[in-house]
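One-letter residues, chain by chain:
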Amino acid sequence: MQSPVPHDPPIYRRIADRLRQAIQAGELRDGDRLPGENALMAEYGIARATARQALSVLINEGMAVPRRGSGVYVRQFRPIRRHGSRRLSREQWGTGRAIWDGDAGGRPYAVDDLTVARETADEDAARALGCDEVWVRRRRYSVDGRPVQLAASCFPAELVAGSAITEPDTGPGGVYARLRDLGHAPVHFTEEVRARMPAPEEAARLSLSAGTPVIVVCRTAYAAGGAAVELNTMIMDAASYVLQYDFDA
């Protein structure tokens, strides 16, 4: 029986591959403008829709970003490797280090948008934390100047009232160190991970290009005895992250 004859990928894929190779070889650098639709049409003798498909491949991979009325530009960004268990270890926050110190790997990071407020618990927080009111810490994180994550942490209002968790600056070790100070140190975490397309507000706040999905991670922290002390919902730019989880056989 004869083996099937391999088919060449469609022309828009071949063009995208050539542009990707030019980026990876350093011929096109971060911030450089990619050839536009008209240039690709002239060079390859293709229709505008085909040229648009070729550029869309790189946009959807996170290697390029469109700018309205200007063109499509290279966006090189080394993904953040988020180690699921190591980043939450007591050795990290218990010694005064921020969880993000491990995520960023020495790269500059910042919380460039932060609000803290007491609110009525939504359905998810009320169910997870067993309370009617919560303190909510909402943040946007940026790495290398690029927005990569939105996060909203909810804490039982009465549990953390009057503590640094209700202030913008929580001090060394962050909220988990402050929960320890209150006698409710986290001893167990559960994370649920899913992917979806972003809501318009999320896409705007994360500066996502069209077609880029987000990773949603919902983490619940439990103190000794099994009481839930935090529900944290994180929305991540899927093109900016690698999620790593280690398991023993």
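Residues numbered from 1 in each chain as written. Predicted model: local features only at pLDDT ≥ 70, side-chain atom pairs only at ≥ 80, totals over all residues. Heavy atoms only, no water.

Enquirer: Hey, could you go over the layout of surface pockets for me, with residue numbers and the actual values?
Expert: Space inside the largest pocket adds up to approximately 660 Å³. Along the walls of the largest pocket sit 30 residues, with Asp122, Asp124, Cys218, Leu231 and Thr233 positioned nearest its centre. Listing elements by their share of the lining of the largest pocket, those giving two or more residues are strand S4 (109-120), helix H6 (123-129), strand S5 (133-143), strand S6 (146-156), strand S7 (186-196), helix H9 (200-205), strand S8 (214-223) and strand S9 (228-237). Among the residues forming the lining of the largest pocket, the class breakdown is 14 nonpolar, four polar and 12 charged. Every residue lining the second largest pocket is counted, 26 residues in all, and those nearest its centre are Trp100, Arg139, Tyr141, Gly174 and Val175. (1 Å grid on protein atoms, 1.4 Å probe; cavity = no way out; pocket = protein on both sides within 12 Å on 5 of 7 lines; lining within 4 Å. Points joined across faces, edges and corners; volume = space filled by probe spheres on them. Helix = DSSP H or I, 4+ residues; strand = E, 2+ residues; numbered from the N terminus. Nonpolar A, V, L, I, M, F, W, Y, C, P; charged D, E, K, R; others polar.)

Enquirer: Go over the environment of Ser240, please, and point to the residues and values.
Expert: With respect to the element layout, Ser240 can be found in the loop between S9 and strand S10 (241-244). Residues Ser240 and Pro147 lie 93 residues apart in sequence; the distance between their C-alpha atoms is 9.3 Å. Ser240 has contacts with Phe77, Pro79, Ile80, Arg146 and Val148, leaving out every residue within four places of it along the chain. Separated by 3.2 Å, the side chains of Ser240 and Arg146 make a polar contact. (Contact = heavy atoms within 4.5 Å. Polar contact = N/O pair within 3.5 Å; in protein donor to acceptor, adjacent residues only side chain to side chain.)

Enquirer: If you had to explain the pattern of salt bridges to someone new, which residues and values would you point to?
Expert: Inspection of the entire model under this criterion finds 17 salt bridges. Across the salt bridge formed by Arg118 and Glu133, the nearest N and O atoms sit 2.8 Å from each other. One end of the pair, Arg118, is in strand S4; the other, Glu133, is in strand S5, and 15 residues separate them in sequence. Look at Arg118 and you get partly exposed, because its relative accessible area is 38%. When its relative accessible area of 36% is taken as the criterion, Glu133 is described as partly exposed. With a shortest N-O distance of 3.8 Å, Glu123 and Arg127 are connected by a salt bridge. (Salt bridge = Lys/Arg side-chain N within 4 Å of Asp/Glu carboxyl O. Buried < 20%, exposed > 50% of the residue type's maximum accessible area, 1.4 Å probe, protein only.)

Enquirer: Quick one: what's the story with the sheet that holds S7, residue by residue and with numbers?
Expert: Across the sheet, which stays open at both edges, the six strands sit in the order S4-S5-S6-S9-S8-S7 with antiparallel pairing between neighbours. The open sheet has two free edges, formed respectively by S4 and S7, since each of these has just one partner strand. Averaged over neighbouring strand pairs, the angle between their axes works out to 15° when direction is ignored. As paired strands, S8 and S9 are joined by nine bridges and run antiparallel to one another. Bridge pairing links Val216 to Ile235 in S9. The strands touched by helix H8 (residues 174-181) are S5, S6, S7, S8 and S9; relative to S7, the strand with the most contacts, the crossing angle is about 150°. (Pairing = 2+ DSSP bridges. Axes fitted to C-alpha atoms, helices over the stretch in contact; angles between N-to-C directions.)

Enquirer: An account of helix H1 (residues 11-24) is needed here, citing residue identities and associated values.
Expert: For H1, with 14 residues, the first-to-last C-alpha span of 20 Å sits near the 20 Å given by 1.5 Å per residue. All of the buried residues along H1 are Tyr12, Ile15, Ala16, Leu19, Arg20, Ala22 and Ile23. An end-on view of H1 places all buried positions within 160° of arc, on one side of the element. Exposed side chains of H1 directed beyond 90 degrees from the buried face belong to Gln21 and Gln24. Contacts from the buried residues of H1 go to helix H2 (37-44), helix H3 (48-60) and strand S2 (71-74). Positive backbone phi, approximately 85°, marks Gly26, located one or two places after H1. (Expected span 1.5 Å × (residues − 1). Arc of directions from axis to C-beta.)

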